[in-house]
Structures are given as structure tokens and as C-alpha cells.
Amino acid sequence: MTRAIAKRLKPHTGGCLCGAIRFEALGTAGKPHTCSCKMCQRHSGALTLAWVEFPSEAVTWTGPGGAPSVYRSSDYSSRAFCPACGSSLGAIDDAPVVALLLGVFDKTSAVDLIPKSHSYRTARPKWWHVEAVKPTT
């Protein structure tokens with residue numbers, strides 16, 4: 001999808017807890033999924049995270065804090081967070097992809113944000129169950 005076409009779509013917006021880091025993501029979210037890997041758990045403090053991806057050129061950092069701070073977490077990705085409030089925002093991959101956590105979006109009910117799969121199911125505690133839900137509309 002070209003940037004011109006993506007601009008005609010309503011952008012996804014969101015940001016951190018304190019509002020210093022804000023973003024606008026143009027186009028349709030890709031690879032909506034949940035993940036229970038140990039890296040996601042440690043990145044967030046949660047047993048499961050919900051993610052979507054956008055091409056790097058489709059994401060603009062719009063808040064007064066500019067782009068998030070990053071921590072190089074693997075040989076292909078850096079975890080993104082707000083340096084002021086510590087909120088986890090997602091990951092900036094070398095691909096070039098920006099993966100954003102669903103919890104930081106202003107509106108989370110868009111159909112393209114609904115997780116369609118779950119990664120690292122075996123890394124979650126046996127009592128923790130996450131199910132991808134199909135939209136009813």
C-alpha cells in the first residue's frame with residue numbers, strides 16, 4: 001500500500017501513559033496476534049501481549065517526546081518504551097517493521113487489530129488461556 005492510499009484511511013493513534021510518546025500509524029495493521037514468550041512477558045510484566053505490525057514508514061511519532069527510547073533485546077529487534085513514564089510501546093524491528101502493543105492504541109476495537117493467532121502458547125502457565133476471538137460483525 002502506498003503512503004498516499006494509506007493517508008486516505010483513518011489512522012490508528014495511541015501513546016504512552018504520560019502522553020509524551022504518541023504515534024500515528026497509517027494503513028491496515030498487519031500480523032495481529034498475541035504472544036506469551038518469555039521475552040514479551042519480561043518486556044511487559046504481563047503473561048501475554050497483543051501485537052500488530054506496521055511498515056516503519058507508516059508510523060510517525062507525534063508526541064512532544066518524539067520517538068520512544070529503545071533497548072536492543074535481540075539480534076533483530078529493539079523494545080520501545082517511554083523514557084518518562086516507562087510504558088512499553090512495542091518493538092522496532094530491523095525488518096523494517098514497527099510492532100505496537102494493542103494496549104497503547106487510543107481505540108482498540110478496529111477489526112484489523114483483532115488477534116488472529118497466539119504465539120508461544122507453551123510458555124504461558126497452564127492455567128492461563130488466551131483465545132483469538134472472531135468478530136461478530
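Before reading further, recall that the structure is shown in the block above.
Predicted model only: the values in this text are computed from it and were never measured.

Asks: I'm lost on the overall build of the protein in this one. Help?
Replies: Scanning the protein from N- to C-terminus turns up two helices and ten strands. Each helix and strand of the protein, ordered N terminal to C terminal, gives the series α-β-β-β-α-β-β-β-β-β-β-β. Considering the protein as a whole, with its 137 residues, one finds that 43% of them fall into the buried category. Contacts in the protein between residues at least 24 apart in sequence constitute 56% of all its contacts with a sequence separation of at least 6. Accessible surface, the protein as shown: approximately 7900 Å² in total, 58% of it carbon and sulfur.

Asks: What am I meant to see in the nonpolar core here?
Replies: When a protein is soluble and globular, its nonpolar side chains tend to lie buried together. By size, the foremost hydrophobic cluster in this structure holds 19 residues, and its most contacted members are F23, V52, F54, L100 and F105. Elements represented by at least two residues in this core include exactly β2 (22–25), β4 (49–55) and β9 (97–101). The residues touching V52, leaving out its near neighbours within four places in the chain, are A29, G30, K31, P32, V98, A99, L100, L102, F105, D112 and L113.

Asks: Looking at this structure, how should I read the packing of aromatic side chains?
Replies: Applying the stated rule across the entire model yields three aromatic pairs. Ring centres 6.0 Å apart and planes at 80° place the aromatic pair W127 and W128 in the edge-to-face group. Overall, W127 belongs to the exposed group, its relative accessible area being 61%. Using a relative accessible area of 30% as the deciding quantity, one classes W128 as partly exposed. Connected via pairs of aromatic rings, a cluster forms that spans F23, W61 and F105.

Asks: What is the right way to look at the sheet that holds β2 in this model?
Replies: In a beta sheet, neighbouring strands are held together by backbone hydrogen bonds and run either parallel or antiparallel to one another. Pairing in this open sheet of three strands is antiparallel, and the strands run β1-β2-β5 from one edge to the other. Two strands close off the open sheet at either side, each with one partner strand: β1 (12–15) and β5 (59–61). On average, adjacent strands in this sheet sit at an angle of 20° to one another, irrespective of strand direction. Note that β2 and β5 share three bridges and pair antiparallel. Each residue of the ladder has a partner; that of F23, found in β5, is W61.

Asks: For this particular structure, what's the right way to read the pairing of strand β6 (residues 69–72)?
Replies: Looking down a regular strand, the side chains alternate between one sheet face and the other. Pairing of β6 with strand β7 (residues 77–81) involves four bridges; the strand directions are antiparallel. The partner of S69 across the bridge, within β7, is F81.

Asks: What's the story with the sheet that holds β9 in this structure? I'm lost.
Replies: Strand order across the open sheet formed by seven strands is β6-β7-β8-β9-β4-β3-β10, with mixed pairing between neighbours. What marks the edges here is a single partner per strand, and that holds for β6 and β10 (117–119). Going across the sheet, the axis of each strand differs from the next one's by a mean of 30°, ignoring polarity. Of the strand pairs in this sheet, β7 and strand β8 (residues 88–93) are connected by five bridges, and their pairing is antiparallel. Note that in β8 the partner of R79 across the bridge is A91.

Asks: Would you take a moment to explain unusual backbone geometry for this structure?
Replies: Residues apart from glycine generally show negative phi values, whereas peptide bonds are mostly found in trans. Between A95 and the following residue, P96, the backbone shows a cis peptide bond with an omega angle of 5°. Mapped onto the fold, P96 is located in the loop between β8 and β9. Even without glycine at this site, K31 takes up a positive phi of about 50°. By relative accessible area, K31 is classed as exposed at 59%. We note that Y120 has phi near 55°; this positive angle belongs to a residue other than glycine. By the element assignment, Y120 lies in the segment after β10.

Procedures and definitions
- Residues numbered from 1 in each chain as written.
- Predicted model: local features only at pLDDT ≥ 70, side-chain atom pairs only at ≥ 80, totals over all residues.
- Heavy atoms only, no water.
- Helix = DSSP H or I, 4+ residues; strand = E, 2+ residues; numbered from the N terminus.
- Buried < 20%, exposed > 50% of the residue type's maximum accessible area, 1.4 Å probe, protein only.
- Contact = heavy atoms within 4.5 Å.
- Areas by Shrake-Rupley, 256 points an atom, 1.4 Å probe, with all protein chains shown as cover.
- Core = buried A, V, L, I, M, F, W, Y, C linked by side-chain atoms within 4.5 Å.
- Phe/Tyr/Trp six-rings, centres within 6.5 Å; stacked < 30°, edge-to-face > 60°.
- Pairing = 2+ DSSP bridges.
- Axes fitted to C-alpha atoms, helices over the stretch in contact; angles between N-to-C directions.

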